[in-house]
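Fold and geometry: a report
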Amino acid sequence: MSGAVEAALPDAFRSGVDPDGDGIPRRFPGAGCCVAGAVFPVPESAAGMETWRPANQPDADRLARHPGPGRTTRIGRALNIRAIIRGQVTVAGVRDVQVAVTPDDAKLAKAGLTTMALSQALQVGGVTVPAGSFDEDGANRTVQVGGGFTSLEQIEDLMVRGEGAKKPVRLADVATVKEEQAKADSITRTNGEPSLAITVTMDRGGSAVAISEAVEDKLPDLRRDLGSDATVTVVSDQGPAVSKSIDGLTTEGALGLLFAVLVILVFLASIRSTLVTAVSIPLSVVLALIVLWTRDLSLNMLTLGALTIAIGRVVDDSIVVLENIKRHLGYGEERQEAILKAVREVAGAVTSSTLTTVAVFLPIGLTGGMVGELFGSFSLTVTAALLASLLVSLTVVPVLSYWFLRAPKGTPEDADEARRKAEEKEAKSRLQRFYVPVLRFATRRRLTSVAIAAVVLIGTFGMAPLLKTNFFDAGEQEVLSLKQELKPGTSLAATDEQTKKVEKLLAGTEGVKDYQVTIGSSGFLAAFGGGTDSNQASYSVMLGDSASASDVQDRVEKGLAGLSGVGTTTVVAGDGFGSQDLSVVVTAADAEVLRKAAEQVRDAVSTLDDVTDVTSDLAQSVPRISVKSTDKAAAAGFDDQTLGAAVAQAVRGTTSGRAVLDDTERNVVIKSAKPAETLQELRDLRLGAVRLSDIADVELVDGPVSMTRIDGRRAATITAKPTGDNTGAVSSDLTAKLNALDLPEGATADIGGVSQDQDEAFASLGLAMLAAIAIVFMLLVATFRSLIQPLILLVSIPFAATGAIGLLIITGTPMGVPAMIGMLMLIGIVVTNAIVLIDLVNQYRSQGYGVVEAVIEGGRHRLRPILMTALATIFALLPMALGVTGEGGFIAQPLAVVVIGGLITSTLLTLLLGATLYTMIELRKERRAKRKALKGADTPSPSPEPEPAGV
């Protein structure tokens, strides 16, 4: 078959990710499957065989079916990779071979027989009847009568009896029996040559990469079996794309790790300290991989992306622990005592901060649907990595610190003197000299600081309308899907003629490597329930290695616009399985009301600026021949059933049995010697002594291609393709248009398609965010044993949106599901810095420091670890946000952009606004407590004294 594997995903999921493997979400058509397409163009001549003509489709069928030098039905055996992968192989473009029984009307009448008698004889003669069993000589013998047809001679020698026949008649005496090809219902070509298309579909637990590699290993044997005159062309292969994406994510993760380590080295200015901290990264990743292995999850796009995202976060706990250890060593404390004291000081804070980050992923498991399926493994991976990092920071890092870290050179032996010098050195640092005055201003001018924060928050809401929104970003594609549709009722031959125009265009389009077309009711789409009719054709276009999907799509669309008679064409980037179209479902009980409402909606959708290819399935009708019996039919001996059988035989033949020929089961079909191929020929059809038109009304009428009902009401669907990446804006415009319509009474119009998917996903993630905030709040309450302080910490969350939205707008990245997952992550990430800060401030308060003094001391001591953790995360995500490899960024890139932007603003505001709000609330609590104490003592309340913090 082919080494070609194409994922059955919406365009957004082109890289083929799946929570259970390298496949896709089960929600979409063909869910849990991937498709491999390989084609076998038939050359001009075949060595050792008769001349093969590319334009002759039966030649391709014979190549697949009939034995010959170097090629046999071994195509199927050569592609038998089910022992290697979990999947199945199908072949498209092959025409069935059938046994045709063509009665001679004159001989049949002379023998006193009817075609019904022939049909009954074939059905009975091809039956195997079990007749019981008996024991003989200690063995059980089963008895069966008949054995089915195994040769044409058996069918020819079949004796036929009938009511009008005087004696049994041999079938061959009244009919011709021969093996022939059935009427084609589809045509497949590759690069303009007749071909067979082989599809490998992956089961849910399979691996796209494994399938691709297994198929690729089979290709040399297949090419050898087919011979040098046949070629194998891969038209769609997801395996290499997934491999490239995984390699790209691995590269970006490695670069992120390097950048994070460099950030730590710059801050700590010590190779030993940097290595002790950085060891948490590989250890956390390894522990996370062990968890994935125990859960039977593969290293796919989502799990690898999660590990890459986590690289910047797994080092946070270790940074906080090690930085505190270094500070205590610098204070001249004995090594073991310094390490134990330092770990005790931050153990509660790092545990609480890690648990809050982990907790935000719990609601993802409750969202269900596609989001839950996709990001379930993602959240599990991040959770495992973060919990592993917490374990490493509280166990491995202290041990390594004991072995490798020493007090700075020149540290006095006297602890008080060492602490004084260390504090002086720290206070003289550039960070402290810049930050402490700003913090003092913020805590002194508290109302001003809060007002500035409020302005920033209002500005955030003001930026929101500028934000693009979509469901999923399609990312860079290697395949284009093209659909061509002619007027309903167009014959397969007429459609074939028009597809050749499109094929010629594709052959001459720059950037097109290979193309495959399936005309009729088979092909990749048919494999997943989206089959085409005789008036439709589907194309899979493989792009060259350096070709841009958008550029090639533009060239193809411009070329199609210049072709006449090709019908309606739609080009989309990606595999074409998952629809990214907008759709409006119109329902009504009355057909006429439905038609008017559908026309109104279609006209309204057509006026939108950023959509193309507006269609309505109700507008489609196909001319068909209606045959209705009259009163004369009964007099001639016909009822509806016998009349239908007679007409069916005259048009397409009647299947009347099965035969096993050359180990292959074939249909036995009774067909007319001169099948009716025109309306007049059907009217002139002889049925004994009468014509069909004598006993039935035969006329051409229009009828709908299909009729859909929803909850018992007739329904029509209007679809359109968005042209930009701001699906949300188009959906808003569409909603406004629909709300302004005055639909006929009894008709309703509801938006579906990608808009509905996007709205449902955003609603689910919105609820997940609220649930995450509630969970984080409860954890903070348990940590700080206060209701007020957790609320102060939660203030950081809305300000994280400032940077996230701002960076999305600056980079032109749409807010889609991956970006929403990034927002969800921010809820846990931004609170961690605030926890570390407020925890230390509370420790200073418990030692007798005043509110403002504790805030200043806590802020300046936590400044460096907070900046280190934030910058380590930002620089670790930077390669992913920039998409340096250009692979696999459809999920990771928007997520990284959101986290980077949110971290920048939330870190700055945590260091200033969080401290300011803490000061405001705690000072008010102290003053209230003093007043209450004074009232209890029944003494006048003096004016509040200023806080003695040197502010």
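All of these numbers come straight from a predicted model, not from anything done at the bench.

What counts, and at which threshold
Residues numbered from 1 in each chain as written. Predicted model: local features only at pLDDT ≥ 70, side-chain atom pairs only at ≥ 80, totals over all residues. Heavy atoms only, no water. Helix = DSSP H or I, 4+ residues; strand = E, 2+ residues; numbered from the N terminus. Buried < 20%, exposed > 50% of the residue type's maximum accessible area, 1.4 Å probe, protein only. Contact = heavy atoms within 4.5 Å. Areas by Shrake-Rupley, 256 points an atom, 1.4 Å probe, with all protein chains shown as cover. Pairing = 2+ DSSP bridges. Axes fitted to C-alpha atoms, helices over the stretch in contact; angles between N-to-C directions. Parallel < 35°, antiparallel > 145°, perpendicular 65-115°, else oblique. Left-handed = near helix turned anticlockwise from the far one by under 90°. pLDDT = per-residue confidence, 0-100. Expected span 1.5 Å × (residues − 1). Patch = residues over 30% accessible without salt bridge, like charges linked within 9 Å, V, L, I, M, F, W, Y side chains within 5 Å. Salt bridge = Lys/Arg side-chain N within 4 Å of Asp/Glu carboxyl O. Lys, Arg positive; Asp, Glu negative; His and termini not counted. Charge placed at Lys NZ, Arg CZ, Asp CG, Glu CD. Phe/Tyr/Trp six-rings, centres within 6.5 Å; stacked < 30°, edge-to-face > 60°. Lys NZ or Arg CZ within 6 Å of the ring centre and 35° of its normal. Bend = angle between axes of the 7 residues up to and from the residue.

**Observations concerning the overall build of the protein chain**
- The secondary structure content of the protein chain amounts to 33 helices and 28 strands.
- Residue burial in the protein chain is summarised as follows: out of 951 residues, 51% are buried.
- In the protein chain, once contacts between residues fewer than 6 apart in sequence are set aside, the share between residues at least 24 apart is 79%.
- Carbon and sulfur atoms form 55% of the exposed surface of the protein chain, whose accessible area is close to 42,800 Å².

**So, the pairing of strand 21 (residues 654-661)**
- Taken together, the seven bridges between strand 21 and strand 22 (residues 664-670) define a ladder with antiparallel strand orientation. Within the sheet, the bridge partner assigned to Val-660 lies in strand 22 and is Glu-665.
- In this antiparallel pair of consecutive strands, strand 21 and strand 22, the connection spans two residues, and Asp-662 shows a positive phi of 55°.

**Some words on unusual backbone geometry**
- In this structure, Asn-191 takes a positive phi of about 50° despite not being glycine.
- Positionally, Asn-191 belongs in the loop between strand 10 (186-190) and strand 11 (193-194).
- In this structure Asn-191 comes out as partly exposed when scored by relative accessible area, which is 29%.

**Focus: the packing of helix 19 (residues 492-507) against helix 21 (residues 549-561)**
- Here helix 19 crosses helix 21 at 140°, and the two axes come no closer than 10 Å. Classed by the angle they form, the pair helix 19 and helix 21 counts as oblique. The two elements helix 19 and helix 21 cross, and the hand of that crossing is right-handed. Residue-level inspection shows Val-502, Leu-505 and Leu-506 of helix 19 in contact with helix 21, the latter providing Val-556, Gly-559 and Leu-560.

**Digging into the confidence of the model for the protein chain**
- The share of residues in the protein chain with pLDDT of 70 or more is 79%, and the mean pLDDT across the chain is 75.
- Considering only residues more than four positions removed or in separate chains, one finds that residues 81-86, a stretch of pLDDT under 50, has 18 contacts.
- Ignoring residues within four places in sequence, the model shows residues 943-951, a span with pLDDT below 50, making 14 contacts including any to other chains.

**Here we look at helix 11 (residues 301-314)**
- Taking 1.5 Å of rise per residue, the 14 residues of helix 11 would be expected to cover 20 Å, and the 19 Å separating its terminal C-alpha atoms lies within 8% of that figure.
- With 14 of 14 residues buried, helix 11 is to be regarded as a mostly interior element.

**Regarding the side chain of Glu-323**
- Note on placement: Glu-323 falls in helix 12 (residues 316-330).
- Once residues within four sequence positions are removed from consideration, Glu-323 is found in contact with His-861, Arg-862, Arg-864 and Pro-865.

**Structural notes on the sheet that holds strand 21**
- The sheet built from four strands is open, its strands ordered 9-4-22-21 with mixed pairing. One side of each edge strand has no neighbouring strand; the edge strands of this open sheet are strand 9 (175-181) and strand 21. Looking at each pair of strands side by side, their axes are set apart by 25° on average, direction ignored.
- Relative to strand 22, strand 4 (residues 97-103) runs parallel, the two sharing three bridges.

**Details of the environment of Val-851**
- Looking at the secondary structure, you find Val-851 in helix 32 (residues 851-882).
- By relative accessible area, which is 0% here, Val-851 ends up buried.
- Put simply, Val-851 and Ile-921 are 70 residues apart on the chain and 9.8 Å apart in space, counted from C-alpha to C-alpha.

**Looking at a positive patch on the surface**
- Taken together, Arg-924, Arg-927, Arg-928, Lys-930, Arg-931, Lys-932 and Lys-935 make up a surface patch of like positive charges.
- Note that Arg-924 resides in helix 33 (residues 889-936).
- On the accessibility criterion, Arg-924 (55% relative accessible area) is exposed.

**Things to note about the pattern of salt bridges**
- Tallied over the full model, the rule gives 18 salt bridges.
- Linking Asp-496 and Arg-189 is a salt bridge whose minimum nitrogen-to-oxygen distance equals 2.7 Å. In this pair, Asp-496 is assigned in helix 19 and Arg-189 in strand 10, connecting sequence segments 307 residues apart. Here the two residues Asp-496 and Arg-189 agree in accessibility, since each one is buried.
- Across the pair Arg-845 and Glu-922 runs a salt bridge whose closest N-O atoms are separated by 3.3 Å. Residue Arg-845 is found in helix 31 (residues 817-846), and its partner Glu-922 is found in helix 33; the two are separated by 77 residues along the sequence.
- When its relative accessible area of 22% is taken as the criterion, Arg-845 is described as partly exposed.

**Digging into the sheet that holds strand 14 (residues 479-485)**
- Read from one edge of the open sheet, six strands run 11-10-15-16-14-17, paired in antiparallel fashion. Edge positions in the sheet fall to strand 11 and strand 17 (568-573), since each has one partner strand and no second.
- In terms of strand pairing, strand 10 meets strand 15 (residues 512-520) through five bridges, oriented antiparallel. Following the sheet pairing, Ser-186 is matched in strand 15 by Gly-520.

**Focus on the packing of helix 9 (residues 271-278) against helix 10 (residues 280-294)**
- Relative orientation of the contacting elements helix 9 and helix 10 amounts to 10°, with a least axis distance of 5 Å. Classified by the angle their axes make, helix 9 and helix 10 are roughly parallel. Judged by residue contacts, Val-276, Thr-277 and Ala-278 of helix 9 engage Ser-280, Ile-281 and Pro-282 from helix 10.

**Some remarks on the packing of aromatic side chains**
- For the structure on display, the rule yields two aromatic pairs.
- Geometry around Tyr-402 places Arg-335 over its ring, the cationic atom sitting 5.3 Å from the centre.

**Concerning a nonpolar patch on the surface**
- On the surface, Leu-258, Leu-262, Leu-265, Ile-271 and Leu-275 cluster together into a nonpolar patch covering about 470 Å² of accessible area.
- At the level of elements, helix 8 (238-268) and helix 9 are the ones that each hand at least two residues to the nonpolar patch.
- Take the nonpolar patch: its biggest share by element is three residues, from helix 8.
- Here Ile-271 shows up in helix 9.
- Classification of Ile-271 by relative accessible area gives exposed; the value is 61%.

**A word on the environment of Thr-655**
- Among the secondary structure elements, Thr-655 is positioned in strand 21.
- Here Thr-655 is in contact with Asn-667, Val-668 and Val-669, once residues within four sequence places are set aside.

**A short note on helix 13 (residues 335-359)**
- Over its 25 residues, helix 13 extends 35 Å from the first C-alpha to the last, a length consistent with the 36 Å expected when each residue adds 1.5 Å.
- The sharpest bend along helix 13 reaches about 40° and sits at Val-346.

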